[in-house]
Amino acid sequence: MIRIPRLAFIVLFMLAAGIIAVYSSSSILGMKRFGDEAYFLKRHLINMIIGFTLMFISWKMDYQNWRKLYFPLFIFTILLLILVLLPGIGRTVDGARRWIGIRGFSFQPAELAKLSIIVYLAHSIEKKGERMKSFLYGFLPYLIMITPIIFLIYKEPDLGTCVIIMLILITMVLAGGLRLRYLFVSFITALPLLYYVIANKKYRFRRILAFIDPWADPAGYGFQIIQSFIAFGSGGLLGVGPGEGKQKLFYIPQAHTDFIFSVIAEEYGFLGVLFIIALFSLFIMEGFRIALKANDRFGCLLATGITSAIGIQAFIHMGVVMGLLPPKGLTLPFISYGGSSLIVNMTEAGVLMSIASRMEER
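We now turn to the structure provided with this report.

How each quantity is defined
Residues numbered from 1 in each chain as written. Predicted model: local features only at pLDDT ≥ 70, side-chain atom pairs only at ≥ 80, totals over all residues. Heavy atoms only, no water. Helix = DSSP H or I, 4+ residues; strand = E, 2+ residues; numbered from the N terminus. Buried < 20%, exposed > 50% of the residue type's maximum accessible area, 1.4 Å probe, protein only. Contact = heavy atoms within 4.5 Å. Areas by Shrake-Rupley, 256 points an atom, 1.4 Å probe, with all protein chains shown as cover. Lys, Arg positive; Asp, Glu negative; His and termini not counted. Charge placed at Lys NZ, Arg CZ, Asp CG, Glu CD. Pairing = 2+ DSSP bridges. Axes fitted to C-alpha atoms, helices over the stretch in contact; angles between N-to-C directions. Core = buried A, V, L, I, M, F, W, Y, C linked by side-chain atoms within 4.5 Å. Left-handed = near helix turned anticlockwise from the far one by under 90°. Nonpolar A, V, L, I, M, F, W, Y, C, P; charged D, E, K, R; others polar. Phe/Tyr/Trp six-rings, centres within 6.5 Å; stacked < 30°, edge-to-face > 60°. Lys NZ or Arg CZ within 6 Å of the ring centre and 35° of its normal. Expected span 1.5 Å × (residues − 1). Bend = angle between axes of the 7 residues up to and from the residue. Arc of directions from axis to C-beta. Salt bridge = Lys/Arg side-chain N within 4 Å of Asp/Glu carboxyl O. Patch = residues over 30% accessible without salt bridge, like charges linked within 9 Å, V, L, I, M, F, W, Y side chains within 5 Å.

## Looking at the overall build of the protein
Phase 1 of the analysis: Helix and strand counts for the protein stand at 13 helices and 3 strands.
Phase 2 of the analysis: Principal-axis analysis of the C-alpha atoms gives the protein an extent of 55 × 55 × 45 Å.
Phase 3 of the analysis: Relative to its 362 residues, the protein shows a buried fraction of 49%.
Phase 4 of the analysis: Excluding contacts between residues fewer than 6 apart, the proportion of contacts in the protein whose partners are at least 24 apart in sequence is 72%.
Phase 5 of the analysis: For the protein, the exposed surface amounts to about 16,900 Å²; the carbon and sulfur share of it is 70%.
Phase 6 of the analysis: Each charge class in the protein can be summarised by its mean position, and for the 34 positive and 20 negative side chains these summaries are 7 Å apart.

Next up, the structure:
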C-alpha cells in the first residue's frame, strides 16, 4: 500500500484553490486578448500536468540522488540565465527579459535557480560541518559562488528573485551553524549597495514611495496597491462571491499572477484569505517537521531550503498585496498563473515528499 505524505494533501488543496483563482482572475483577460475565457486556465492545467509528473518522479526518487545533480544543475542554471539575456533567445515582457520561449511555451530560468542553489547549499554545508561557524568558510564562499547568479537575474531585471535567493542563503547558512553576528555585519556593510540598487532605477524608487504613501499619486505609482486595498475592502467577511469580483476587470494589473491574492480576498473575503494563509502555514509547519526528522543533515538542509523558499515567496506576495511590503511582482506559490514557478514548486514539493517517505520507512 502506498503511503502518501501529509504534505501532498496540503499541496493538492493549494493547487485546487489555484485552479479556481486562475480561471476567475484571468477569464476576462483571456477573452479580450485571445477570444477564449479559458485560455490561461488551459495553459495552467498543462503546466500542472507537467508539474505532477515531476513531483511524482521527485517523490519516488531517493532524495540522495540530488547530491549527484548539484554541480550539473548549478552550471545548467547559469547557462540558461546567460541565454535568457541574449537577443533572439530571451523573451521580453513588460520591459523585462526573463523567459526563454519554446514553441509557444516559455520557461523562466530564475525559478530553477532557486532549486539549484538549495541543492548546492545543502550538499556543501553538510560537507563543511563545524567549519560553517566561521565567516571565512561558512558564508564568504557561498556569497562568491552565488553572486554570478544574482548578477544575471538582476540584469533581467528581477530584483524580487534576487532578494529571495539571498534570504534562502541566509536561512540555510544559519541552519548550517553560521554565527548570527557575521550576517548582521554583512547586512550593515551591504546597505550602501542596497540603497544604490533602489535609487539607481526610478521605477524602484517609485515603488518605495507607493509603499509609504500610495495616495500621493493614486493614478500613478500608487494605483496598483490602492486597487488591491479596494479589493480587500470590498470582500468583507465572506466576499462578493466566486467570479463576481470587479477589481480584476483591468483595475488590478497582473491580477492572475502578481496580485491573485487580491482577487481571492475580494471574491472569498476574510475567510478566504484566512484559508489560504492557513494552507501555507500548514505547508511551512510540515516542511520544517520533515526537516527536523530527516534521516541525515543533507535531507534536513534540503527540506529547510525548500520550505523557506516557498514560505518566503508566499509571505512577500501576501505582504505586497496587503501593503505591508513595497510593491514587487512575485507569484503566489502553487496558486498564481505562471508555468515556471508552478512546475519548480511542484518539483520541490516532490523532494520534500521523498524526504518524508524515507523518514517514515526507517
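## Considering the sheet that holds strand β1 (residues 90–93)
By way of backbone hydrogen bonds, the strands of a sheet pair with one another, either parallel or antiparallel.
Phase 1 of the analysis: On the basis of which strands lie adjacent, the open sheet formed by 3 strands has the order β1-β2-β3 and antiparallel pairing. The open sheet is flanked by β1 and β3 (105–107), the only strands paired with a single partner. Strand-to-strand twist in this sheet, taken as the mean axis angle between neighbours without regard to direction, amounts to 50 degrees.
Phase 2 of the analysis: Both β1 and strand β2 (residues 96–102) contribute to a ladder of 4 bridges, which runs antiparallel. The partner of T92 across the bridge, within β2, is R97.

## Observations concerning the nonpolar core
Phase 1 of the analysis: Formed by 96 residues in total, the largest nonpolar core has its most connected members in I276 and L302.
Phase 2 of the analysis: Among the elements that line this core, the one with the most residues is helix α12 (residues 297–321), at 13 residues.
Phase 3 of the analysis: Excluding residues within four positions of it along the chain, L302 makes contact with Y63, I118, V119, A122, V351 and I355.

## Details of the pairing of β2
Phase 1 of the analysis: Turn length for the β1-β2 hairpin, with the two strands adjacent in sequence and antiparallel, is 2 residues, and the turn residue D94 shows positive phi of about 55 degrees.
Phase 2 of the analysis: Note: β2 against β3, 3 bridges, orientation antiparallel. Within β3, the residue paired with I100 across the bridge is F107.

## Observations concerning the packing of helix α10 (residues 223–235) against helix α11 (residues 260–293)
Phase 1 of the analysis: Packing of α10 against α11 brings their axes to within 7 Å, and their N-to-C directions diverge by 30 degrees. Of the two elements, α10 crosses α11, and the hand of that crossing is right-handed. Only F261, S262, A265, E266, G269 and V273 of α11 make contact with α10, whose side of the interface consists of S228, A231, F232, S234 and G235.
Phase 2 of the analysis: Residue composition of the contact of α10 with α11, by class: 5 nonpolar, 5 polar and 1 charged.

## Quick word on the packing of aromatic side chains
Two descriptors summarise a pair of aromatic rings, namely the distance from one centre to the other and the angle between the planes of the rings.
Phase 1 of the analysis: This structure, assessed with the given rule, holds 15 aromatic pairs.
Phase 2 of the analysis: On the basis of an interplanar angle of 75 degrees and a centroid distance of 5.9 Å, the ring pair of F34 and F40 is categorised as edge-to-face.
Phase 3 of the analysis: Here Y39 and F40 contribute two aromatic rings whose centre-to-centre distance is 5.2 Å and whose plane-to-plane angle is 90 degrees, an arrangement assigned as edge-to-face.
Phase 4 of the analysis: On the accessibility criterion, Y39 (22% relative accessible area) is partly exposed.
Phase 5 of the analysis: Here the aromatic residues Y70, F71, F74, Y120 and Y142 are joined through ring pairs into a cluster of three or more.
Phase 6 of the analysis: For the cation-ring pair, K32 lies above F250, with the distance from its terminal atom to the ring centre recorded as 4.7 Å.
Phase 7 of the analysis: The lysine or arginine in question, R181, covers the ring of Y182, its NZ or CZ lying 5.1 Å from the ring centre.

## So, helix α8 (residues 180–199)
Phase 1 of the analysis: In a regular helix each residue adds 1.5 Å, so 20 residues correspond to 28 Å; α8 covers 28 Å between its end C-alpha atoms and thus fits that length.
Phase 2 of the analysis: In the structure, α8 departs most strongly from a straight axis at L191, where the bend amounts to approximately 40 degrees and where the proline P192 lies between one and four residues downstream.

## Regarding helix α2 (residues 39–60)
Phase 1 of the analysis: The end-to-end C-alpha distance of α2, which contains 22 residues, comes to 32 Å, matching closely the 32 Å that a straight helix rising 1.5 Å per residue would cover.
Phase 2 of the analysis: F40, L41, R43, H44, N47, M48, G51, M55, S58 and W59 are the residues of α2 that are buried. Viewed end-on, α2 has its buried residues packed into an arc of 150 degrees, placing them on one side of the element.

## Here we look at the pattern of salt bridges
Working definition: two side chains of opposite charge can pair if their charged atoms are close together.
Phase 1 of the analysis: All told, the structure shown has 10 salt bridges when counted by the stated rule.
Phase 2 of the analysis: A salt bridge links K114 to E111, with the shortest nitrogen-to-oxygen separation between them at 3.2 Å. Of this pair, K114 and E111 both sit in helix α4 (residues 109–128), separated by 3 residues, roughly a single helical turn. In terms of burial, K114 and E111 fall into one category: buried.
Phase 3 of the analysis: Linking E286 and R289 is a salt bridge whose minimum nitrogen-to-oxygen distance equals 2.7 Å. Taken together, the residues E286 and R289, both in helix α11 and 3 residues apart, mark about one turn of the helix.
Phase 4 of the analysis: We classify E286 as buried; its relative accessible area is 8%.
Phase 5 of the analysis: Here the salt bridges share partners, and the residues they tie into one network are R6, E286 and R289.

## Quick look at a nonpolar patch on the surface
Phase 1 of the analysis: A contiguous nonpolar surface patch, about 570 Å² in accessible area, is contributed by F71, I75, L79, I82, L83, L86 and I89.
Phase 2 of the analysis: Looking at the secondary structure, you find I82 in helix α3 (residues 66–83).

## Focus: the environment of G160
Phase 1 of the analysis: By secondary structure assignment, the location of G160 is in helix α7 (residues 159–176).
Phase 2 of the analysis: When sequence neighbours within four positions are dropped, the list of residues in contact with G160 reads K328 and L330.

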